[in-house]
Each structure stands twice: as structure tokens, then as C-alpha cells.
Amino acid sequence: MIVIRVFPVVLLMLLNTLWSWAQLPAFQGSDTRALLDEAALMYRKADELESSGQSAAATEALRGALMRYERVGDQTGWINGLLLYNTANTYLRLGDVGHAVLFYRRAAELIPGDRNVRQGLSYARRLRTDQIEHTLSAGISRAVLFWHFLLPTRTRAMAFLAIWFSTWVILFFRFFSGVFRQARWLRYIVVAGALSACIIAVSLTVELLEEDQPAGVITASSVIARQGDGHSYGSSFNSSLHEGTEFRLLQDRGKWWYIRLADGRETWIIASAADLV
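Residues numbered from 1 in each chain as written. Predicted model: local features only at pLDDT ≥ 70, side-chain atom pairs only at ≥ 80, totals over all residues. Heavy atoms only, no water.

Participant: Account for the packing of helix α4 (residues 81-93) against helix α5 (residues 97-110), naming residues and giving values.
Facilitator: As a packed pair, α4 and α5 sit with axes 8 Å apart at the nearest point and diverge in direction by 165 degrees. By the angle between their directions, the pair α4 and α5 is classed as roughly antiparallel. Between α4 and α5 the crossing geometry is left-handed. Along its contact with α4, which presents Gly81, Leu84, Tyr85, Thr87, Ala88, Asn89, Tyr91 and Leu92, the element α5 presents His99, Ala100, Phe103, Tyr104, Arg106, Ala107 and Leu110. Taken together, the residues of the contact of α4 with α5 sort by class into 10 nonpolar, 4 polar and 1 charged. (Axes fitted to C-alpha atoms, helices over the stretch in contact; angles between N-to-C directions. Helix = DSSP H or I, 4+ residues; strand = E, 2+ residues; numbered from the N terminus. Parallel < 35°, antiparallel > 145°, perpendicular 65-115°, else oblique. Left-handed = near helix turned anticlockwise from the far one by under 90°. Contact = heavy atoms within 4.5 Å. Nonpolar A, V, L, I, M, F, W, Y, C, P; charged D, E, K, R; others polar.)

Participant: Quick one: what's the story with helix α3 (residues 55-76), residue by residue and with numbers?
Facilitator: Under the 1.5 Å per step criterion, the end-to-end length of α3 is 31 Å for 22 residues, consistent within 8% with the ideal 32 Å. Of the residues making up α3, those classed as buried are Ala58, Ala61, Leu62, Gly64, Ala65, Leu66, Arg68, Tyr69, Val72 and Gly73. At its buried positions, α3 is contacted by α2 (30-51) and α4. Following α3 by one or two positions, Gly77 has its phi on the positive side, about 85 degrees. (Expected span 1.5 Å × (residues − 1). Buried < 20%, exposed > 50% of the residue type's maximum accessible area, 1.4 Å probe, protein only.)

Participant: Give a description of the packing of aromatic side chains that names residues and reports values.
Facilitator: Per the counting criterion, the structure on display carries 6 aromatic pairs. Grouping aromatic residues by their ring pairs yields a cluster made of Trp78, Tyr91 and Phe103. The ring of Tyr43 has Arg93 sitting right over it, with the charged end atom 4.9 Å from the ring centre. Taking the ring centre of Phe237 as reference, the NZ or CZ of Arg265 above it sits at 4.2 Å. (Phe/Tyr/Trp six-rings, centres within 6.5 Å; stacked < 30°, edge-to-face > 60°. Lys NZ or Arg CZ within 6 Å of the ring centre and 35° of its normal.)

Participant: So what's going on with the pairing of strand β6 (residues 266-270)? Which residues, and what values?
Facilitator: Where strand β5 (residues 256-261) and β6 come together, 5 bridges link them in antiparallel fashion. Of the residues in β6, the one forming a bridge with Arg260 is Glu266. Hairpin connection of β5 to β6: 4 residues between the antiparallel strands, including Gly264 at a positive phi of 95 degrees. (Pairing = 2+ DSSP bridges.)

Given below as C-alpha cells:
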């Protein structure tokens, strides 16, 4: 059965998820907490300054908050979803859409079910210059398999194990209990459970395979997409790509990345103009 073949892969993903839960960070150290308090204070101060019409001073306060958030992130390894979310908000208010999208994406990796992160990411995406649509097939897939993109990996992994375990329990009672042996409705439950487990297992396996093509975001204000890995190559498109544009990394050649955009187009960009999620 398909479920049996992919079960080890799904189990590995679940164990990785459980390990990540065990590593949920708690900020420690007076210096770190002091930096976070200062950042929060400067962020609120920016609100007050902006409301009073002091835009330049508000910008400086936001930059101060951002500097402190980044110092904490560098010290702790950027393993706190709320810190990533606050950093994304600060970048967004400073008008840096590229880094805002990047940090919202990173926050979504750690706190995927957070509504504020999803809303912030959605808003930042609407501000991008390049509104690149998914291919027709990808669009249909996203519409039909919306749950694959909506539900976090942890939720799908736990659902798979719950359905997998429940299906085998039902099978056990059906074959070894005289009471349920003739119950037809159990057959339908078993079939539905097996199909659901297969679908979720395929969803998790596809996500695992996509790790070979990491997601990235263009953070430079603009970058010329080229037909090869060098400045001597011509442009791939009529216009440059702009900050906030998301992609999949297909090939890394040091200073140059070969990427695939959401609409399926592939091109080369200079690596310094982007960052990986």
C-alpha cells in the first residue's frame, strides 16, 4: 500500500516536528530581555511620533527598534516566531517590502497557525511591484488542495498519525471481535481512513521533496533577471524583478542563483539580491 511505503517518511517528518517543539525558545539573559524591552519601547514611540506628524523621527525610532530586534535574532539564532513577526512588522513600516515578506515567511515556518502572521504576509504581498500569478495548473492545484497550503505541516502530520492509528484499531476490532465483524459501516470507515491517510501522506511527502528547492525572496529593490550566471548575459524579461518577489532556488552557483518564479519562468539572479526563507 502507498501508505505503508510513505509511512517512514511521514514518521521522520513527525519526529522532526516533535524535536522542533522541544526546541521552542525562551529568551534568557538580562541583556536579551533588555534589548527586547528597548525595541518594544521604540516601536511604540514611533507610533506616537508618527501620529504627531514627526515622520522623520518615527522612522529613526523604527530603525532603532529594528536594530535591536536583529541583535536579539543574531544572538539567539532567529528561532523565535514572535521575534521574526515583530521584525517583519518593523520592516514593513519602514517600507522594506522584500525583507517584510522574508521575515513573515520565516515566522510562518515557526508559528504557521498564527493569524497575525498570515494577515501580515498577505498584506505585504499586495504591496509588491511584481504581482506574479501562479501557473494555471498550480492555481487549480492550490484551489483544490487548499488544505495542503493552509494547514501547517505539524497539523497534517498529527492528522496522519491519528487517522493511521484509528484505522488500524478499527481493523483490529473488525477482525478479532465478533460484534463488529459483520458491520458493513466499518468497511466504509476503514476505506475512508485509508484514503485520507494516503492523501495526507502524499501531501507531506511532496513537501519533503520540495526541501530540495528552498524558497527564497528578493530583498533588493530590484534585480535584473539574466539568461545565464554572469552580467554578460542578456535580460530574461522585459523588466527587472523587484523586492518581495518569491521563488524556488533550483541551483546555487555561489554568486548566482538559478530560480523558478511562481508562474513557472526560470532565470538567473545575483545571489546578493535575495535571501532564503
